[in-house]
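Each chain, letter by letter, is given below.
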Amino acid sequence: MEAITDGITVIETPNETEYYDVMKGSHRWEVKVHDHGNVALVDTMPRLAPVGQTADFAICQAARVSYGAGTKKVTEDTGLIRYLYRHQHTSPFEMIEFKFHCVMPIFIARQWIRHRTANVNEYSARYSVMPDKFYHPSVEDVRKQSTSNRQGGEDQMDTKTAQEFLDYLDQAEECYKTYNNLLDKGVSRELARIGLPVSVYTEWYWKIDLHNLFHFLRLRMDSHSQKEIRDYANAIFALIRPIVPVACEAFMDYAFESVKLTRLEIEAIRTGKPIQSTNKRETEEWIQKATLLNLTDHIPSKDQQQQEEKKQ
Ligand SMILES: O=c1ccn([C@H]2C[C@H](O)[C@@H](COP(=O)(O)O)O2)c(=O)[nH]1
């Protein structure tokens, strides 16, 4: 079929094979997160995939363009995708895109926005009134400050102190009434909002390609990331996994659940000697990896570790 627009002929190529909508005709796949949050997948590229294949096909289509072979059988595609991922040939993964509608507290948005390779449109508190919605964890979700990880919190706080913390949040949320009153009195929205706590909810549309999304997920699904953003990252992964299952499995196998060895660590395995590092954190990281890899001979005893620490 041909169509002529402004004197230019556009050839509409008929499909050689049948295509289906990878979101099954839906405009929104949503996962609820926390008390008021959500992540919703609202669109994907590609949106259509040949019947019998997943949106993963677009990775192979892009990778094979150089020699024009098109998309091969699904098994060959799987091998190619896994090869590309293992060898960090990342540009074909950029050919897949996802658009999400996300609702999250501002303190999470601050961490999220650091991923600069996405396109973002956020709710404006200059144009619109902020919602009366605040992130308010349950008593069980109030964590103690970790002693080993300065950024994080791990164990549950005792109930009395947890309740004290929740009362403190209640007080902060009380600000909303004042915010509303001041808006009624005519204070500008752009100023009135500055007294609200960072637990208040915001929302945005967030569009990102698969390569950069995997980078986000690798950091934010990791146990070292803050639990609240990890919950969102896990929701995102659950949304995209059925759409690009082959790429997601490669991500799990070669990135998320893989272990990277440093030159010093390889040397320690080869020689059977302790790691040649005087850095405590580096040594601890090596012990964690050696434990995971079942290299028990390479794990120094408590005495050896204390002696090493004294030397430093
Ligand atoms: O796990 C973290 C910790 C910090 N930050 C960024 C977000 C902010 O720009 C700044 C400080 O954030 P907080 O540590 O206050 O969350 O560092 C993250 O992106 N992830």
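About the thresholds
Residues numbered from 1 in each chain as written. Predicted model: local features only at pLDDT ≥ 70, side-chain atom pairs only at ≥ 80, totals over all residues. Heavy atoms only, no water. Helix = DSSP H or I, 4+ residues; strand = E, 2+ residues; numbered from the N terminus. Rg over C-alpha atoms; globule rule 2.2 N^0.38 Å. Buried < 20%, exposed > 50% of the residue type's maximum accessible area, 1.4 Å probe, protein only. Contact = heavy atoms within 4.5 Å. Areas by Shrake-Rupley, 256 points an atom, 1.4 Å probe, with all protein chains shown as cover. Lys, Arg positive; Asp, Glu negative; His and termini not counted. Charge placed at Lys NZ, Arg CZ, Asp CG, Glu CD. Domains from an automatic or database assignment. Axes fitted to C-alpha atoms, helices over the stretch in contact; angles between N-to-C directions. Parallel < 35°, antiparallel > 145°, perpendicular 65-115°, else oblique. Left-handed = near helix turned anticlockwise from the far one by under 90°. Nonpolar A, V, L, I, M, F, W, Y, C, P; charged D, E, K, R; others polar. Patch = residues over 30% accessible without salt bridge, like charges linked within 9 Å, V, L, I, M, F, W, Y side chains within 5 Å. Salt bridge = Lys/Arg side-chain N within 4 Å of Asp/Glu carboxyl O. Core = buried A, V, L, I, M, F, W, Y, C linked by side-chain atoms within 4.5 Å.

**Student:** Describe the overall build of the protein chain, naming the residues involved and giving the relevant values.
**Tutor:** Along its length, the protein chain carries 11 helices and 11 strands. For 312 residues, the compact-globule estimate of 2.2 N^0.38 gives 20 Å, and the protein chain exceeds it by more than 25% at 25 Å. The 312 residues of the protein chain split such that 34% are buried. Taking the intrachain contacts of the protein chain between residues at least 6 apart in sequence as the baseline, contacts between residues at least 24 apart amount to 68%. Of the roughly 19,600 Å² of accessible surface on the protein chain, a fraction of 50% belongs to carbon and sulfur atoms. Charged side chains of the protein chain number 39 positive and 45 negative; the gap between the two group centres comes to 5 Å.

**Student:** Residue-level account of the domain arrangement of the protein chain, with values.
**Tutor:** When cut into domains, the protein chain gives domain 1 (12–122 + 202–256), domain 2 (139–195) and domain 3 (263–311). Put simply, the middle of domain 1 and the middle of domain 2, counted by C-alpha atoms, are 33 Å apart.

**Student:** Would you mind going over the packing of helix α6 (residues 210–220) against helix α7 (residues 227–240) in detail, with residue names and values included?
**Tutor:** One can describe the packing of α6 onto α7 by two numbers: an axis separation of 9 Å at closest approach and a directional angle of 140°. As judged from the angle between their axes, α6 and α7 are oblique. Crossing of α6 over α7 shows left-handed handedness. Residue-level contacts link L210, L213, F214, F216, L217 and R220 of α6 to I229, R230, A233, I236, F237 and I240 of α7. For the contact of α6 with α7, the per-class residue count stands at 10 nonpolar, no polar and 2 charged.

**Student:** Describe in detail a nonpolar patch on the surface, supporting the description with residues and values.
**Tutor:** A contiguous nonpolar patch, built from V259, L261, I266, I269, L292 and L293 and spanning about 460 Å² of accessible area, is present on the exposed surface. Inspection of the secondary structure assignment puts L293 in the loop between α10 (280–292) and α11 (302–311).

**Student:** Go over the nonpolar core, please, and point to the residues and values.
**Tutor:** It is characteristic of soluble globular proteins that their nonpolar side chains tend to be buried jointly. In terms of nonpolar packing, the biggest core is built from 56 residues, with F100, W112, W206, F214, L217 and I240 touching the most fellow members. Every residue in contact with F100, bar those within four places of it in the chain, is listed here: V39, A40, L41, V42, W204, Y205, W206, I208, L213, I236, L239 and I240. Counting residues in hydrophobic clusters, the runner-up holds 9 residues, among them A125, L183, A192 and V200.

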